[in-house]
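Next come the chains, spelled out residue by residue.
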Amino acid sequence: KNELLALPEVEAVACAGQLPQWGIGTATSMQRRDGEYRGGIYYTSVDFGFFELYGIHLDAGRFFVEGRASDVAPIDNEWSRREAVVLNETAVKVLELASPAEAIGEVLAWRRLFRSPSTFTPMHDVEVIGVVEDFQTGRLTESGIRPAAFYVDPGQAGVLSVKVSGRDLAVTRAAIGDVWKRFGDPRPIDEFGFF
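In this report, we go over the structure that sits alongside the text. (Residues numbered from 1 in each chain as written. Predicted model: local features only at pLDDT ≥ 70, side-chain atom pairs only at ≥ 80, totals over all residues. Heavy atoms only, no water.)

## What about the packing of aromatic side chains?
Working step 1: One pass over the structure, following the stated rule, counts nine aromatic pairs.
Working step 2: Between Phe51 and Phe64, the aromatic rings sit 6.5 Å apart at their centres with planes inclined by 20°, giving stacked as the arrangement. In this pair, Phe51 sits in helix H2 (residues 50-54) while Phe64 sits in the loop between strand S4 (58-61) and strand S5 (83-88), placing the two residues 13 residues apart along the sequence.
Working step 3: On the numbers, 5.4 Å between centres and 85° between planes, the contact of Phe51 with Phe150 is edge-to-face. Of this pair, Phe51 sits in helix H2 while Phe150 is found in strand S10 (residues 148-151), placing the two residues 99 residues apart along the sequence. Taken individually, Phe51 and Phe150 each receive the classification buried, so the pair is uniform in this respect.
Working step 4: Over the ring of Tyr151 we find Arg112; its NZ or CZ atom is 3.9 Å from the centre of that ring. (Phe/Tyr/Trp six-rings, centres within 6.5 Å; stacked < 30°, edge-to-face > 60°. Helix = DSSP H or I, 4+ residues; strand = E, 2+ residues; numbered from the N terminus. Buried < 20%, exposed > 50% of the residue type's maximum accessible area, 1.4 Å probe, protein only. Lys NZ or Arg CZ within 6 Å of the ring centre and 35° of its normal.)

## A few points about the pairing of S10
Remark: a regular strand shows side chains that alternate across the two faces of the sheet.
Working step 1: Neither face of S10 is open: one carries Ala148 and Phe150, the other Ala149 and Tyr151, and all of them are buried.
Working step 2: In terms of strand pairing, S5 meets S10 through two bridges, oriented antiparallel. Its bridge partner being in S10, Leu87 is matched across the sheet by Ala149. (Pairing = 2+ DSSP bridges.)

## Let's talk about the environment of Asn88
Working step 1: Note that Asn88 resides in strand S5.
Working step 2: Between the C-alpha atoms of Asn88 and Ile129, which are 41 residues apart in sequence, the distance is 11 Å.
Working step 3: Residues within four places of Asn88 in sequence aside, it is in contact with Val131, Val132, Glu133, Asp134, Ile145, Arg146, Pro147 and Ala148.
Working step 4: A distance of 2.8 Å separates a polar side-chain atom of Asn88 from the backbone oxygen of Arg146. (Contact = heavy atoms within 4.5 Å. Polar contact = N/O pair within 3.5 Å; in protein donor to acceptor, adjacent residues only side chain to side chain.)

## Re the environment of Ile41
Working step 1: Within the element layout of this structure, Ile41 appears in strand S3 (residues 37-45).
Working step 2: A sequence separation of 84 residues divides Ile41 from Asp125, and the C-alpha atoms of the two residues are 15 Å apart.
Working step 3: Ignoring sequence-local partners within four residues, the contact set of Ile41 consists of Thr26, Ala27, Thr28, Met30, Ala91, Val94, Leu95, Pro147, Ala148 and Ala149.

## A look at the layout of surface pockets
Working step 1: In this structure, the second largest pocket occupies an estimated 190 Å³ of space.
Working step 2: In terms of lining, the second largest pocket is formed by 13 residues, of which the most central are Gly17, Leu113, Ser116, Tyr151 and Gln156.
Working step 3: For the lining of the second largest pocket, the secondary structure elements donating two or more residues are S3 and strand S7 (113-115).
Working step 4: In the lining of the second largest pocket, the residues fall into four nonpolar, eight polar and one charged. (1 Å grid on protein atoms, 1.4 Å probe; cavity = no way out; pocket = protein on both sides within 12 Å on 5 of 7 lines; lining within 4 Å. Points joined across faces, edges and corners; volume = space filled by probe spheres on them. Nonpolar A, V, L, I, M, F, W, Y, C, P; charged D, E, K, R; others polar.)

## Some remarks on unusual backbone geometry
Working step 1: Cis geometry is found at the peptide bond from Ser116 to Pro117, where omega equals 10°.
Working step 2: Along the polypeptide, Pro117 turns up in the loop between S7 and strand S8 (119-120).
Working step 3: One non-glycine residue with positive phi stands out, namely Asn77, at about 65°.
Working step 4: Here Asn77 lies in the loop between S4 and S5.
Working step 5: Judged by its relative accessible area of 14%, Asn77 falls in the buried class.
Working step 6: Unusually for a residue other than glycine, Glu96 sits at a positive phi of about 55°.
Working step 7: In this structure, Glu96 sits in the loop between helix H3 (89-94) and helix H4 (100-103).
Working step 8: The class for Glu96 is exposed, based on a relative accessible area of 52%.

See the structure below:
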């Protein structure tokens, strides 16, 4: 990530477990303090700067802050503190929270996938730190927006989004390819969505 950010034409870089725009395929229930489970909430890990890279508007609260330990999942799956989550507007409605602003600071509980293929977290508390506008979380042919929760867990990074200036795409693509060869896996870089 740091090597890519050092390239002159790269404006932002962020990882994610999966791209919400491709669809978030994993869901779980969140439990409110009253003990009631609400409908399924889809979830994926994102990186610091993910929402900013895509220009996703913050309705209330804050985004994840790099260097803030409480904003990152523990690497050992031991939960001694609340997990920070950002919800979308639809999740706020599904969880029957009064509004995006009133959702901030709400403490919920959930159990989610920790590491693939089948290691899950124990039931643990999460705290809503932010609410983002609804944005496309699946194929354009799907109707409606899925209720979604986002958190930071570097161990779930599966895709990398790179925002470039677009001034010299041939040079930029070659430079990104060079970084990939040094740090990526041996397969060719998948430039899906590169434009």
